[in-house]
Amino acid sequence: QVQLVESGGGLVQAGGSPILSCPASGRTNSRYTMGWFRHAPGKEREFVAAISWSGGLTSYGDSVKGRFTISRDNAKNTVSMQMNSLKPEDTAVYYCAADLQFKTTPFYDYWGQGTQVTVSS
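Every value quoted in this text rests on a predicted model; they were computed, and no experiment measured them. (Residues numbered from 1 in each chain as written. Predicted model: local features only at pLDDT ≥ 70, side-chain atom pairs only at ≥ 80, totals over all residues. Heavy atoms only, no water.)

Enquirer: Explain the overall build of the chain residue by residue, including any values.
Expert: Looking only at helices and strands, the chain features zero helices and 11 strands. Mapped in sequence order, the helices and strands of the chain form the string β-β-β-β-β-β-β-β-β-β-β. Expected size for 121 residues packed as a compact globule is a radius of gyration near 14 Å; at 13 Å, the chain falls within 12% of this value. Every one of the 121 residues in the chain was classed for burial, and the buried ones make up 41%. (Helix = DSSP H or I, 4+ residues; strand = E, 2+ residues; numbered from the N terminus. Rg over C-alpha atoms; globule rule 2.2 N^0.38 Å. Buried < 20%, exposed > 50% of the residue type's maximum accessible area, 1.4 Å probe, protein only.)

Enquirer: Break down the side chain of Arg-67 for me, citing the residues and quoting the values.
Expert: If you trace the backbone, Arg-67 turns up in the loop between β6 (58-60) and β7 (68-73). You can call Arg-67 buried: its relative accessible area is 10%. A distance of 2.9 Å separates the side chain of Arg-67 from the backbone oxygen of Ser-63, its partner in a polar contact. Not counting chain neighbours up to four residues away, the residues in contact with Arg-67 comprise Gln-82, Met-83, Asn-84, Ser-85, Leu-86, Lys-87 and Asp-90. (Polar contact = N/O pair within 3.5 Å; in protein donor to acceptor, adjacent residues only side chain to side chain. Contact = heavy atoms within 4.5 Å.)

Enquirer: Got a sec to walk through the layout of surface pockets? Specific residues and values, please.
Expert: Of the voids in this model, the largest pocket is the one considered here, and its volume is about 160 Å³. Looking at the largest pocket, it is lined by 15 residues, and the ones nearest its centre are Thr-28, Ser-30, Arg-72, Asn-74 and Asn-77. Residues of the lining of the largest pocket, tallied by class, amount to seven nonpolar, six polar and two charged. (1 Å grid on protein atoms, 1.4 Å probe; cavity = no way out; pocket = protein on both sides within 12 Å on 5 of 7 lines; lining within 4 Å. Points joined across faces, edges and corners; volume = space filled by probe spheres on them. Nonpolar A, V, L, I, M, F, W, Y, C, P; charged D, E, K, R; others polar.)

Enquirer: Go over unusual backbone geometry, please, and point to the residues and values.
Expert: Here the phi dihedral of Asn-77 falls at roughly 50°; this positive angle occurs in a residue that is not glycine. Its place among the elements puts Asn-77 in the loop between β7 and β8 (78-83). We note that Ser-85 has phi near 50°; this positive angle belongs to a residue other than glycine. A residue is classified by how much of its surface remains accessible, and Ser-85, at 43% relative accessible area, is partly exposed.

Enquirer: I'd like to hear about the sheet that holds strand β3 (residues 19-26), residue by residue, with values.
Expert: Picture the strands of a sheet paired through backbone hydrogen bonds; they go either parallel or antiparallel. Spatial ordering of the open sheet is given by β1-β3-β8-β7, a layout of four strands whose pairing is antiparallel. Pairing within the sheet leaves two strands with one partner each, and these edge strands are β1 (2-4) and β7. Mean inter-strand twist for the sheet, computed between neighbouring axes without regard to direction, equals 20°. Across six bridges, the pairing between β7 and β8 is antiparallel. (Pairing = 2+ DSSP bridges. Axes fitted to C-alpha atoms, helices over the stretch in contact; angles between N-to-C directions.)

Printed below as a string of structure tokens:
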């Protein structure tokens, strides 16, 4: 089992640049791909970003490409995401996820509880 706990969410002004973090605990010896997804009311769960264990492979959703940057620190079992130029439409619950395979689809094996990011205009 892998436990994921997101942090860094909250209320941010449009154009802001918060950082989300997601440390993993439990069985973290495997080389997991880590991903970020988000869900806003009335919308489908949306892929945001993913990063391979080595960090050599990353992928971003079209709506955040060029604004968000995913990274990881395997020594700390932590994946992070720098969010830049936030827009009100970025408002959502952001979820951290882990899987043994690199994926951009919402079929990850492990999920965090989510952290609310609210962008005010």
